[in-house]
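The lines below spell out each chain.
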Amino acid sequence: MKRPAPWPRRLYAQLTLALLGLFLLVALAFVGLMHWSSSRYSAEVTQRLNSSLATYIAGREPLLTEDGVNHEAMSELAHLVMTINPGVEVYLLDSEGRILDHALPEGSVVRQRVDPAPIRALLSGKAHPPVMADDPHSPQGRQIFSAAAIKVGGRTRGYLYVGLASEEYQTVADSLRGSHILRLTLAGVAGIAVFGVASAALIFGVMTRPLTRLSERMARFQREGLGIEAETTHGDGSEVAVIAHTFDAMRARIDEQLERLKETDRVRRELISSISHDLRTPLASMKGYLETLLLKEDTLSPEQRRQYQEIAHRHCDRLTRLVDELFELTKLDAGRVTVHWESFSLAELLQDVTQGFMLEAERRGIELRAVTADGRYPVCADIALIDRVLRNLIDNALRHTPAGGHVEVTLSHGERGVEIAVADSGKGVPDTELPHIFDRYFRGSAASDKPEEPGAGLGLAIVKRILDLHGSRIAVTSTPGSGTRFSFPLPSDRAA
Ligand SMILES: Nc1ncnc2c1ncn2[C@@H]1O[C@H](COP(=O)(O)OP(=O)(O)OP(=O)(O)O)[C@@H](O)[C@H]1O
Ligand SMILES: [Mg+2]
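Procedures and definitions
Residues numbered from 1 in each chain as written. Chains lettered and ligands numbered in written order. Predicted model: local features only at pLDDT ≥ 70, side-chain atom pairs only at ≥ 80, totals over all residues. Heavy atoms only, no water. Domains from an automatic or database assignment. Buried area = accessible area lost by both parts, 1.4 Å probe. Salt bridge = Lys/Arg side-chain N within 4 Å of Asp/Glu carboxyl O. Polar contact = N/O pair within 3.5 Å; in protein donor to acceptor, adjacent residues only side chain to side chain. Helix = DSSP H or I, 4+ residues; strand = E, 2+ residues; numbered from the N terminus. Buried < 20%, exposed > 50% of the residue type's maximum accessible area, 1.4 Å probe, protein only. Axes fitted to C-alpha atoms, helices over the stretch in contact; angles between N-to-C directions. Parallel < 35°, antiparallel > 145°, perpendicular 65-115°, else oblique. Left-handed = near helix turned anticlockwise from the far one by under 90°. Contact = heavy atoms within 4.5 Å. Pairing = 2+ DSSP bridges. Core = buried A, V, L, I, M, F, W, Y, C linked by side-chain atoms within 4.5 Å. Phe/Tyr/Trp six-rings, centres within 6.5 Å; stacked < 30°, edge-to-face > 60°.

Engineer: Help me out: how do you make sense of the domain arrangement of the chain in this one?
Structural biologist: Size of an interface, as often reported, equals the accessible area lost when the parts are brought together. Each assigned domain of the chain is listed here: domain 1 (1-224), domain 2 (240-329) and domain 3 (339-490). Both faces considered, domain 2 and domain 3 share a buried interface measuring about 1,300 Å² in area, 55% of it formed by carbon and sulfur atoms. Sorting the residues of domain 2 by area buried against domain 3 places Arg321, Glu325 and Leu329 first, and these three jointly supply 47% of that buried surface. Counting every contact that joins domain 2 to domain 3 gives two salt bridges. A salt bridge links arginine 388 to glutamate 328; its shortest N-O distance comes to 2.7 Å. Between the two partners, domain 2 and domain 3, sit two residue pairs in polar contact (both at pLDDT 80 or more). Top contributing element to the side of domain 2 that touches domain 3 by residue count: helix α7 (residues 302-333), with eight residues.

Take a look at the structure:
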């Protein structure tokens, strides 16, 4: 038995988890982007606000003269500025970026030179802030800056390079400044994520519910087999609804086929038990006579011997007839007989059938007549099956009519096609037996009066099933003492 999948393996849980993962990724990317853009923003603001700082310092006193660097002025100004703002460092560079002077402790400056390209780009106004240049404090570091060109005799001889914030300082400052925004952003993203995932879980739950129900019903069907109820509604035409509908149809079909199988099996069992019962009686009787013949061979008179042999022979006949009829009825009951419709002359068929019974009729002293008024009576039916119907009816009529009587088969045109009537002048069927004569295995008093006659009570059951297949109904009227009349119609073939 298959248990339902644990929660994390259910479809809706997987969808929710996938969405949660996606949300986290997007949130991380968003926070990263926020952080990067806010630090750039703060760098840009700092650089723009301090853009004139270097020009202002350089304008206070000439730091470079024809004689060289004015160390005294430089040291004084640098100290002043760095006292006011400890985050700021002042350097004097030559036109190639070499550091000429600064007021920082010895050993804290590790670079000899600052790349002048970003300085020139900022001064020319071609670069947009924030522009980064080398940080003399670290071999790899970069920082935002303010710069001014120092001209001597109309020519640029160097730059006043003011580092506004080293990268390290910038990062600390950024995170301090941004921490509040960062916290707010994170809280906002987390809130959106929680709301989004919770509502997605709800929506996925509702959307996958029909699928969950269907899989539960399928599992129940696998477990319990038949008898599970069908879905009363077939949903909205979605794929799941179509699958559910198909599943129900398939299940109903399996139910139906199983029921049919059970019914066939029941019929087969019944048939086997009644066949074995029917075969046992004549077989036992035949065996009894044959044993008597063998055991008492010496004591039996020739007449007795002849009589026993005749009885055994009759039982043999009866068995053959029984097996034939059972075989035929079983085929009819199992629906394995199909009607091969064809057009033929019923008058000709009747002639052939009555011809076959002539000797038997003579032996019984009965007059057998076929009344066809010289017509052909073309009908559309299965010739082999109708042959069987005629033979069963004539056989019955001959067997239940005493010597001196007559059996007449009449063809006539009626409202429903060709009417066939088999009438005899026999002793008839009592009213109480009339409703049962078409039942399987029914043998009336007329038959039981003559135990020597073979018969299993199947002839009329076969007749009825064949006529059912042709869409025809057989009618019977009987007057005890004066005769019985069976009649049925067959569709006439007008084209013939
Ligand atoms: N023409 C008839 N006249 C009087 N009784 C009849 C006539 N035809 C049928 N019956 C009664 O109906 C019963 C059923 O007939 P049915 O042909 O089914 O069985 P059966 O003739 O006894 O055996 P079989 O299986 O060999 O035909 C007969 O046993 C008989 O009692
Ligand atoms: Mg019969």
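Structure's up, so let's keep going.
Engineer: Looking at this model, I keep getting lost on the environment of histidine 180. Mind explaining?
Structural biologist: Within the fold, histidine 180 resides in helix α5 (residues 167-224). By relative accessible area, histidine 180 is classed as partly exposed at 48%. Put simply, histidine 180 and histidine 102 are 78 residues apart on the chain and 36 Å apart in space, counted from C-alpha to C-alpha.

Engineer: Explain the packing of helix α6 (residues 239-295) against α7 here, please?
Structural biologist: Helix packing geometry: the angle between the two helix axes and the distance between the axes. Look at α6 against α7: their axes get within 8 Å of each other, and the N-to-C directions meet at 165 degrees. Judged on the interaxial angle alone, α7 and α6 are roughly antiparallel. Considering how the two elements wind past one another, α6 and α7 form a crossing that is left-handed. Touching Leu271, Ile275, Asp278, Leu279, Pro282, Leu283, Ser285, Met286, Tyr289, Leu290, Thr292 and Leu293 of α6 are Arg305, Tyr308, Gln309, Ile311, Ala312, His315, Cys316, Leu319, Leu322, Val323, Leu326 and Thr330, all from α7.

Engineer: Help me understand the side chain of histidine 315 in this model?
Structural biologist: Tracing the sequence through the fold places histidine 315 in helix α7. Among residues more than four places away in sequence, those in contact with histidine 315 are Pro282, Ser285, Met286 and Tyr289.

Engineer: Where do I start with the pattern of salt bridges in this structure?
Structural biologist: A side chain with one charge can pair with a side chain of the opposite charge if their charged atoms come near. Evaluated as defined, the whole model comprises 27 salt bridges. Arginine 376 is the partner of glutamate 348 in a salt bridge, and the nearest nitrogen-oxygen pair spans 3.9 Å. Residue glutamate 348 is found in helix α8 (residues 346-364), and its partner arginine 376 is found in the loop between β9 (367-371) and β10 (378-381); the two are separated by 28 residues along the sequence. A salt bridge links aspartate 395 to arginine 399; the shortest N-O distance between them is 3.0 Å. Here arginine 399 and aspartate 395 lie together in helix α9 (residues 383-399), a separation of four residues that amounts to about one turn. Owing to a relative accessible area of 8%, arginine 399 belongs among the buried residues under this scheme.

Engineer: What is the right way to read the sheet that holds β9 from this model?
Structural biologist: In spatial order, the strands read β9-β11-β12-β14-β13; together these five strands make up an open sheet with mixed pairing. The sheet is open, and its two edges are formed by β9 and β13 (475-479), each paired on a single side. For this sheet, the mean inter-axis angle between neighbouring strands, taken without regard to orientation, is 15 degrees. Taken together, the five bridges between β13 and strand β14 (residues 483-490) define a ladder with antiparallel strand orientation. Directly across from alanine 475, in β14, lies its bridge partner serine 487. Sitting on the sheet, α9 is in contact with β9, β11 (406-414), β12 (417-424) and β14, with an inclination near 25 degrees to β12.

Engineer: Help me understand the nonpolar core, please; the structure alone is not making it clear to me.
Structural biologist: A general tendency of soluble globular proteins is for nonpolar side chains to be buried together. Membership of the largest hydrophobic core comes to 49 residues, with the highest contact counts inside it found for Leu346 and Ile386. If you list the elements that add at least two residues to this core, you get α7, α8, β10, α9, β11, β12, α11 (459-469) and β14. Ranked by the residues each element gives to this core, the list is headed by α9, at eight residues. Shared between two domains, this core takes at least three residues from each, and those domains are domain 2 (240-329) and domain 3 (339-490). Of all hydrophobic cores here, the second largest spans 35 residues; its members include Ala43, Ala54, Val114 and Tyr161.

Engineer: Just checking my understanding: could you explain the packing of aromatic side chains for this structure?
Structural biologist: The geometry of two aromatic rings is summed up by the distance between their centres and the angle between their planes. Evaluated as defined, the whole model comprises five aromatic pairs. For the pair phenylalanine 221 and phenylalanine 247, a centre-to-centre distance of 5.8 Å together with 85 degrees between the ring planes defines the contact as edge-to-face. Residue phenylalanine 221 is found in helix α5, and its partner phenylalanine 247 is found in helix α6; the two are separated by 26 residues along the sequence. Using a relative accessible area of 16% as the deciding quantity, one classes phenylalanine 221 as buried. Consider the rings of tyrosine 289 and tyrosine 308, whose centres lie 5.3 Å apart with planes at 65 degrees: the pair is edge-to-face. Of the two residues, tyrosine 289 sits in helix α6 while tyrosine 308 sits in helix α7, which places them 19 residues apart along the sequence. What makes tyrosine 289 partly exposed here is its relative accessible area of 25%. Exposure remark for tyrosine 308: the relative accessible area of 18% places this residue in the buried category. In this structure an aromatic cluster arises from ring pairing among Tyr91, Phe145 and Tyr161.

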